[in-house]
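# Commentary on secondary and tertiary structure
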Amino acid sequence: GAGVSQSPSNKVTEKGKDVELRCDPISGHTALYWYRQRLGQGLEFLIYFQGNSAPDKSGLPSDRFSAERTGESVSTLTIQRTQQEDSAVYLCASSLFQGPGFNSPLHFGNGTRLTVT
Amino acid sequence: GNSVTQMEGPVTLSEEAFLTINCTYTATGYPSLFWYVQYPGEGLQLLLKATKADDKGSNKGFEATYRKETTSFHLEKGSVQVSDSAVYFCALKSRGSTLGRLYFGRGTQLTVWP
């Protein structure tokens, strides 16, 4: 497709279960971001991948959160032992190369709405 | 550290009214500044940007000027339309960062009535 695709669009899970969220970036985009948006809050940075560089994981809130990306393709965000405070919209974005002096626009997916009951 | 503070919403205006959404920032060095917009049912998309002091970003009738002295990047439009109803996010990227991390504000919901 032409845009960033995220799946599933909605996910309801029970507290304590693991979930996996998927992001298909735009072809050729080397940069990929995951953000979280809780109700009434701003976008909270989680993790950033740039090509083969080590990812910036500084935004992951706990060791229950992890993300992977194979090369410049699909990324998965995994949340283990989900808690109610994990309920949020998880947004993925991709872009061409980022870095000092480069300001490529981010292209966002529509997000995955996660509800933990 | 790096952070963005946006005007609290929601903002409700009549068509053709003047719009201002305030945005101020704290950053290491001189950041690049952005406004992103999220229309109903769609993903966020870049609206405009400015990469150095006194630059003015503009797009679709919206403007924002990078003011280093007041650390601000307020979004303005002279005459809003119903189709401008959306959530607007101010964002920055620190020039000092070796990677491309963007910091976003909370977003401001704009509703325009006919």
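Figured I'd write up the structure that's included with this text. (Residues numbered from 1 in each chain as written. Chains lettered and ligands numbered in written order. Predicted model: local features only at pLDDT ≥ 70, side-chain atom pairs only at ≥ 80, totals over all residues. Heavy atoms only, no water.)

## Focus: the overall build of chain A
Quick reminder of the rule: Going along the chain from the N terminus, every DSSP run of H or I of four or more residues is numbered as a helix, and every run of E of two or more is numbered as a strand. Only the C-alpha atoms count toward the radius of gyration. The rule for a globule is 2.2 Å times the residue count to the power 0.38. Each accessible area is a Shrake-Rupley estimate made with a 1.4 Å probe; only the visible protein chains count as cover when residues are assessed. Positive charges are assigned to Lys and Arg, negative charges to Asp and Glu, while His and the chain termini are left out of the count. Lys charges are placed at NZ, Arg charges at CZ, Asp charges at CG and Glu charges at CD.
Within chain A, the secondary structure is distributed over 0 helices and 12 strands. In chain A, the succession of α and β elements from N to C terminus is β-β-β-β-β-β-β-β-β-β-β-β. Its C-alpha radius of gyration of 14 Å places chain A within 12% of the 13 Å reference for a compact globule of 117 residues. With the C-alpha coordinates of chain A rotated into their principal frame, the extents come out at 40 × 30 × 30 Å. Carbon and sulfur atoms provide 46% of the accessible area of chain A, an area that totals close to 5,500 Å². Here chain A carries 11 positive and 11 negative side-chain charges, and the mean point of each set is 4 Å from the other.

## Some thoughts on the sheet that holds strand β8 (residues 62–65) of chain B
Residues and elements named next belong to chain B. Heads up, the rule is: Two strands make a pair as long as DSSP finds a minimum of two bridges between them. Axis definition: a line fitted to C-alpha atoms, over the contacting stretch in the case of helices. Angles run 0 to 180 degrees between N-to-C directions.
Pairing is antiparallel in the open sheet, where 4 strands are placed in the order β3-β9-β8-β7. Sheet topology places β3 (19–21) and β7 (56–59) at the edges, where each strand pairs with a single neighbour. The sheet shows a mean angle of 20 degrees between the axes of neighbouring strands, direction not considered. Where β7 lies against β8, 4 bridges are found, and the strand directions are antiparallel. Residue asparagine 59 lies in a different strand from β8, and its bridge partner there is phenylalanine 62.

## Let's talk about the state of the cysteines
The condition is simple: When two cysteine sulfur atoms lie within 2.5 Å, the pair is treated as a disulfide. Summary of the burial criterion: residues with accessible area below 20% of their type's maximum are buried, those above 50% are exposed, and those between are partly exposed, where the area comes from a 1.4 Å probe applied to protein chains only.
As enumerated under the stated definition, the model contains 2 disulfides over all chains in all. Paired by a disulfide, cysteine 23 of chain A and cysteine 92 of chain A hold their sulfur atoms 1.9 Å apart. What sets the handedness of the cysteine 23 of chain A and cysteine 92 of chain A disulfide is the S-S torsion sign, and at about -65 degrees it is left-handed. You can see cysteine 23 of chain A sitting in strand β3 (residues 19–24) and its partner cysteine 92 of chain A sitting in strand β8 (residues 88–95), a full 69 residues away along the chain. For the pair cysteine 23 of chain A and cysteine 92 of chain A, one class covers both residues: buried. A sulfur-sulfur separation of 2.0 Å characterises the disulfide bridge that pairs cysteine 23 of chain B with cysteine 90 of chain B.

## Details of the interface of chain B and chain A
What counts here: Should any heavy atoms of two residues lie within 4.5 Å, those residues are counted as being in contact. Here the buried area means the combined drop in accessible surface, using a 1.4 Å probe, for two parts upon being joined, counting both sides. For this document, the term salt bridge refers to a Lys or Arg side-chain nitrogen within 4 Å of an Asp or Glu carboxyl oxygen. A 3.5 Å cut-off defines polar contacts: any pair of N or O atoms within that distance qualifies, except that in protein one atom must be a possible hydrogen donor and the other a possible acceptor, and neighbouring residues in sequence count only when both atoms are side-chain atoms.
Across the boundary between the two partners, chain B contributes 22 residues, which contact 23 residues of chain A. For the pair chain B and chain A, the summed buried area comes to about 1,800 Å², and 54% of that belongs to carbon and sulfur atoms. Counting every contact that joins chain B to chain A gives 0 salt bridges. Put simply, chain B and chain A have 4 residue pairs in polar contact (both at pLDDT 80 or more) between them.

## Section: the sheet that holds strand β7 (residues 75–79) of chain A
Residue and element names in this part refer to chain A. Read from one edge to the other, the open sheet built from 4 strands follows the order β1-β3-β7-β6, with strand pairing classed as antiparallel. Each end of this open sheet is capped by a strand with a single partner; those strands are β1 (5–7) and β6 (65–69). Going from strand to strand, the sheet's axes swing by 15 degrees on average, the running direction of each strand aside. As paired strands, β1 and β3 are joined by 3 bridges and run antiparallel to one another. Counterpart to serine 5 in the pairing with β3 is aspartate 24.

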